[in-house]
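Reading the structure
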Amino acid sequence: MSRYSLTHSHMLQRLLLAVALMLPALRAMSQSDAQLTQYYEVPAYYNAGAIGTTDLLRIRGGMRMQWVGIDNAPRTFVATADMPLKLLGKRFAVGLVTSQGSMGLYSNMNLGARLGYHQPLFKGRLSVGLGVGFIDQSFKGSEVYLPDEDDYHQGSDDAIPTRDIRGNALDLSLGAFYTHKWFWAGLSVNHLNSPTVTFNSESGEGGSENNYEFNVGRAAYFMAGSNIQVKNTLLEVIPSLMVKSDFNFTTAEVTARVRYNKFLSGGIAYRYNDAISLILGAELKGFYIGYSYDYPTSAIAKASSGSHELIAGYSLKLDLSDKNKNKHKSIRIM
């Protein structure tokens, strides 16, 4: 039985070429994590420490339709839930994170639990969190089609699966998140153990078939932001940024929003060499809904009208009692 060990980025390139999904922005998909314009609404997805940062049970769910107009373009669903809790006089937090994404014949699902510990620090609160979960990935090799004029692959190329294959692996993440009344910031690494997914035929057949390995590389994230009250008004200015890297490719995005009376919000964002975004949001009695539209600034604009993203959720106030002597008001990051 032959075995092919491919890096995450390299295997993605070969598989996507096999289904003729040759996109200039392929390198943006070299990570398994979803690319979300409204990253500030689901910080726990990117940072295992960003849980329980307020006295709220926070639930968020959303979907992203990327590069509308292009067949087999990425589609992503993400959901998070987290809450603080007290145990033995200390403040902890728990959370759940799940995501599902597809691109061409390739799809992946992540499911994980978060556990965090909070410690007062410099008039703020530092949270350190650990994430434990698994990655499930699949490829519909039975639907691969190679045209006769393909100059890149032959029909007998062993690097291209011809059966539906699937595999999963343990996935770990680690993060630290700091909240202060003036700002918040976090640093994290997802896929800390750089898991390797071994694909096998979903039919249970093909003992003589090739096995394929898919290495999910580590991904580092830095996020920061603030809520700035405009004096004598009901307006808040809410800037934020996120820098992400797979240690080969690094990119960043900056966001500037304005919120009125803690109800309506709007703003713009820019993702380096990728897109400019329009963002709208509304909050009422614990409910939240947000929408963003990305217009590509790269050559992908010739084939796509842009990307759409919708996130909705609910926040419920929790009674943590007054036993926590270190309790303080944390800024809201939504």
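Above this text you will find the structure in question.
We now turn to the structure provided with this report. Within any chain, residue numbers begin from 1 and follow the written order of that chain's sequence. For this predicted model, a pLDDT threshold of at least 70 governs which residues receive local features, and a threshold of 80 or more governs which side-chain atom pairs are given and counted, while totals over whole chains, interfaces and linings are taken from all residues. Derived side-chain values reflect all non-hydrogen atoms in the structure, with water molecules and hydrogen atoms excluded from consideration.

Quick look at the overall build of the protein chain now. By definition, any uninterrupted DSSP run of H or I lasting at least four residues is a helix, any uninterrupted run of E lasting at least two residues is a strand, and each is numbered from the N terminus. The number of helices and strands found in the protein chain is two helices and 18 strands. For the protein chain, the share of sequence-separated contacts (at least 6 apart) that also reach a separation of at least 24 residues comes to 59%. Working definition of accessibility: Shrake-Rupley area with a 1.4 Å probe, residue cover restricted to the visible protein chains. As presented, the protein chain carries roughly 16,200 Å² of accessible surface, and 61% of it is formed by carbon and sulfur atoms. The criterion used for residue contact is that any of the two residues' heavy atoms lie within 4.5 Å.

Further remarks concern the packing of aromatic side chains. Two rings from Phe, Tyr or Trp (for Trp, the six-membered ring) form a pair when their centres are within 6.5 Å of each other. A pair whose planes differ by under 30 degrees is stacked, one over 60 is edge-to-face, and the rest are tilted. In total, this model carries nine aromatic pairs according to the counting rule given. Ring geometry for Tyr46 and Tyr221: centres 5.0 Å apart, planes at 55 degrees, overall tilted. Here Tyr46, found in helix H2 (residues 43-46), pairs with Tyr221, found in strand S11 (residues 219-225); they are 175 residues apart in sequence, far enough to count as distant. By the burial criterion, Tyr46 is buried, and Tyr221 matches it. Taken together, a centroid distance of 4.7 Å and an interplanar angle of 45 degrees make the contact between Phe287 and Tyr314 tilted. Here Phe287 is found in strand S17 (residues 287-296), whereas its partner Tyr314 is found in strand S18 (residues 306-317), with 27 residues between them in sequence. Given the relative accessible area of 30%, Tyr314 is considered partly exposed. Connected via pairs of aromatic rings, a cluster forms that spans Tyr45, Tyr46 and Tyr221. Three exposure classes are used, based on accessible area relative to the maximum for each residue type with a 1.4 Å probe and protein chains only: buried under 20%, partly exposed in between, and exposed over 50%.

So, about unusual backbone geometry. If you check the backbone angles, His191 has positive phi at about 55 degrees while not being a glycine. Here His191 lies in the loop between strand S8 (184-190) and strand S9 (196-201). Of the residues examined, His191 reaches a relative accessible area of 2% and is grouped as buried. At Lys262, a residue that is not glycine, the phi angle is positive and equals roughly 55 degrees.

Oppositely charged side chains can form a pair if their charged atoms are brought close together. What makes a salt bridge here is a side-chain nitrogen of Lys or Arg within 4 Å of a carboxyl oxygen of Asp or Glu, nothing more. Within the structure shown, the criterion is met by 14 salt bridges. Each of Arg64, Lys244, Glu253, Arg271, Asp274, Asp294 and Glu309 takes part in a single network of salt bridges with overlapping partners.

Once that is clear, we can look at the pairing of strand S2 (residues 56-68). Any two strands between which DSSP finds at least two bridges are classified as paired. Of the pairings in the sheet, the one linking S2 to S18 comprises 11 bridges and is antiparallel in character. Bridged to Met65 within S18 is His308. Judged from the eight bridges that link them, S2 and strand S3 (residues 75-87) form a sheet pairing that is antiparallel. Each residue of the ladder has a partner; that of Gly62, found in S3, is Val78.

What follows deals with the environment of Lys90. Among the secondary structure elements, Lys90 is positioned in strand S4 (residues 90-103). We classify Lys90 as partly exposed; its relative accessible area is 44%. Taking the C-alpha atoms as reference, Lys90 lies 8.4 Å from Gln119; in sequence the two are 29 residues apart. Every residue in contact with Lys90, bar those within four places of it in the chain, is listed here: Leu85 and Tyr117.

The next point concerns the pairing of strand S14 (residues 250-260). Residues Thr251, Glu253, Thr255, Arg257 and Arg259 point to one face of S14 and are all buried, whereas Thr250, Ala252, Val254, Ala256, Val258 and Tyr260, pointing to the other face, are not buried. Where strand S13 (residues 235-245) meets S14, 11 bridges bridge the pair, whose relative direction is antiparallel. Looking across to S14, one finds that Val243 is bridged to Ala252. Here S13 folds back onto S14, and the loop between the two strands holds four residues, one of which, Phe247, carries a positive phi near 75 degrees. As defined by bridge partners, S14 adjoins strand S15 (residues 264-271) across eight bridges and the pair is classed as antiparallel. Paired with Arg257 across the strands is Gly267, a residue of S15. Joining the antiparallel neighbours S14 and S15 is a turn of three residues, in which Asn261 adopts a positive phi near 55 degrees.

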